[in-house]
Structures are given as structure tokens and as C-alpha cells.
Amino acid sequence: MSQFLAEKYKKLEAYVPGEQPRDMEYIKLNTNESPFPPAPSVVDVIDSKQVELLRLYSDPTCLKLRQKLGDLHGLKAENVFVTNGSDDSLNFIFMAYGHMGAMFPNISYGFYKVYAELHQVEYTEIPLCKDFTIDHNMYKGWGQLIVIANPNAPTGICLGLKEIRQILENNPKSVVAIDEAYVDFGGESCYPLIAEFPNLLVVRTYSKSRNLAGGRLGYVLGNKDLIEDLEKLKYSTNPYCINRLTLLLGEATVDANDYYVDCCKEIARVRENTTKSLESMGFEVLPSKANFIFAKTDVMDGKELYLALKKKGVLVRHFDKPQIAQYLRITIGTQEQMNEFIKRLQEILDGGDK
Ligand code: PMP
């Protein structure tokens, strides 16, 4: 750190992204990416002509993409805010609505805390229940920004639409942001509630169920006035934050929706198979509706198992946080990758490879 950094950032603890190692070829199950490529029609939209056109700025209004996303969700372009990955959306949400304070679960996506600290937002971390579920009744009437990942990460556990509705009814004076990064793998999206609740923001990403993590595209659905607030902040930061190629990929992705629905079904199928295999090996697996599972065994320490898997060429995610240090978060890959993961895991548990 230099002597020049603003005092207010000196204690900031930046987010630590999952590893992207280059030292060897891993079965990469650590950052919840899709094992499947984008749809063929999406891959085809980028040609040398589009690359040549990069000399021109991208459309800062992202109008075509917003119209397509609006149509997809039965909303209008004015209800859609598009950003460079959904992390960018979350950043703007904390920037815009954090002044009254914020609340989010104590075990959830680690970036919520980082954004809160970045924007000097006073925040409350609401404990999860013993079984790692969210008690929606604990989010009540505080008037602060409420941020909930649904399904939650890294647990994969879902709240139902009924509970989300209850949170909205209990908090008419709060902005309620539901981060649906993983909803397409078996959860129920709450965007139909936008018509009823002008304080609801639904955050979505192309990184997980749209096989486009490297494209960096995220969006927010919500009431027109809230979207205008977020646009204002985007235009005060970096109006061209989405590049021309990503806009094209994003539009073509909406057109290829059926392909992605099939990918999600396949991930859900492999998730259930993997859960059964792990349970038969004595693992406790939380009931996930996401493209990852959260699991632990009594026979080996979480961190040790993470390191042993890494040595064997399988990368999963381990969090050094007391309540969840025994667990591993395992992204669902293809069936073949998961079979290989189970095989190498069994070798570790059989001894010799710890
Ligand atoms: N929300 C949650 C719950 C996530 O796990 C992630 C991915 N790490 C994101 C948002 C951000 O994803 P992206 O910026 O790639 O859209």
C-alpha cells in the first residue's frame, strides 16, 4: 500500500476471487462456471468484421439488449439495467441505496461485505439458521437495503416465492435486492413480483446459466425509477462499461434461450447424481438448487481435503470461515468430470493420498 491511498480505503479488505491457476490442467470445479460452451449461434456472432468495429464505442444505452431481456421477462427496456457482470450491478446497488445501512446473511456471497465497506455502508449480517437456511422473518422493518442471494451461496439453499413476498411486504421502505445468480438451476425467480413491489430489484448474471462468465455481463430487473437511479450512477462512472462484442453475445444468448434451458436441466441432473454419490460415501450434502453443492465429511478436515483434491488435479472452493470451514463448495461440471472427481475423491478417502 502506498502512502497516497485515501485513508477511507486503507482498511478495505478486497474480495478474493476463486483461483484461476495456470500451473497444470485441473478439473475446475471452484468458480461455478458452466462446463458447456455458449450456444453455436452465439459463438457465430463474432467475426473479424465485429472485431474491426471495435474502433467505435459500444452503445451506452444497451437498448437492443435491454429490449430483448425485457421481452424475455415480460417487462420493458426501462425495467432493465445492464452492467459488466452482476458484480458491477451489486456495486451500483450498494452505492445507490446503502446510505440507510444494509443487511444480508452472515454466510453468503462475500462481495456484499466488500461493497458495503467500499461505500462505507453500515451493515448487519443476519445469522443463518442452524441448518443453513435463511429465516425470512429476521429481515423485518429496518428500512435498510436488504440483499439476499437466492439460491444462497455457498449453501445452494433456496427461499420460495412466498418467503420473498413476505420480506417485501415486511419492508416497504427498503430496497430489496434478490441476487438470482443461480436461480436457473432449480429455483423460482421473483421477477414476476416487480409489478407489485416498486422496491424490488432482481439481479441476474450471464456467468452461470448463460455459459458466459468471461464475457462479463449482468443485469438488474426492477421498477423504472430504481433503474433510472442505477443508470445515473453508471453514467457517472463508466457509460461504456459493456464492450460491443459482449453486447452482441448477450443479444444472441437471449435468442438461443432454449439451448440454455437444456444446459441448466443437464446441470441439475448431474447435481442430483453427484449428491447421491457423495451421500453414499458418507458426505453430508446441503440441498442445493444451484450449479454447485456444499458438502462435508466427518473423516477429513475441509481444508485438508481441498488441498488433497488440488494435488490430485481437482480444484474446488474452500472458505476459511469458522462456521463453514469443514465444507467444500463443488461446482457441477459435466457427468464425466463429476465421475472423475468422485473417483479421485474415493482414492483420497481410501488413504495414501492425503
Ligand atoms: N452473485 C453471486 C451470488 C455470485 O456467486 C457471483 C459470482 N461469483 C456473482 C453474483 C457475480 O457474478 P458475475 O459478476 O460474474 O456476474
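In the block above lies the structure referred to throughout.
Anyway, here's the lowdown on the structure attached to this text. Since we're looking at a predicted model, the values are computed, not measured. (Residues numbered from 1 in each chain as written. Predicted model: local features only at pLDDT ≥ 70, side-chain atom pairs only at ≥ 80, totals over all residues. Heavy atoms only, no water.)

Around the ligand sit Gly85, Ser86, Asp87, Leu90, Tyr109, Asp179, Ala181, Tyr182, Thr205, Ser207, Lys208 and Arg216, and that is every residue in its neighbourhood. Within the backbone of Asp87, a nitrogen or oxygen atom sits 3.0 Å from an oxygen atom of the ligand. Between the ligand and Asp179, the relevant distance is 2.6 Å, taken from a nitrogen atom to a side-chain nitrogen or oxygen of the residue. Coverage of the ligand by the protein amounts to 91% of the 400 Å² it exposes when considered alone. Looking at which element gives the most residues to the shell around the ligand, the answer is helix 4 (residues 85-97), with 4 residues. For the shell around the ligand, the per-class residue count stands at 4 nonpolar, 4 polar and 4 charged. (Near = heavy atom within 4 Å. Polar contact = N/O pair within 3.5 Å; in protein donor to acceptor, adjacent residues only side chain to side chain. Areas by Shrake-Rupley, 256 points an atom, 1.4 Å probe, with all protein chains shown as cover. Helix = DSSP H or I, 4+ residues; strand = E, 2+ residues; numbered from the N terminus. Nonpolar A, V, L, I, M, F, W, Y, C, P; charged D, E, K, R; others polar.)

To continue, consider the packing of helix 4 against helix 7 (residues 224-235). For the pair helix 4 and helix 7, the least separation of the axes is 10 Å and the interaxial angle reads 105 degrees. Taken as axis vectors, helix 4 and helix 7 run roughly perpendicular relative to one another. For the pair helix 4 and helix 7, contact is made by Phe92, Ile93, Met95, Ala96 and Tyr97 and by Leu226, Asp229, Leu230, Leu233 and Lys234, respectively. When the residues that make up the contact of helix 4 with helix 7 are grouped by side-chain class, the tally is 8 nonpolar, no polar and 2 charged. (Axes fitted to C-alpha atoms, helices over the stretch in contact; angles between N-to-C directions. Parallel < 35°, antiparallel > 145°, perpendicular 65-115°, else oblique. Contact = heavy atoms within 4.5 Å.)

This part covers unusual backbone geometry. Looking along the chain, the bond that leaves Asn150 and enters Pro151 is cis, with omega of 0 degrees. Within the secondary structure, Pro151 sits in the loop between strand 5 (145-149) and helix 6 (161-170). Note that the residue after Ala153, namely Pro154, is joined by a cis bond; omega there is 10 degrees. Of note, Pro154 is situated in the loop between strand 5 and helix 6. Residue Cys62 is not a glycine yet carries a positive backbone phi of 50 degrees. Considering the arrangement of structural elements, one finds Cys62 in the loop between helix 2 (48-52) and helix 3 (63-72). A positive phi angle, near 55 degrees, is found at Asn211, a position not held by glycine. Take Asn211: it is sitting in the loop between strand 7 (200-205) and strand 8 (218-222).

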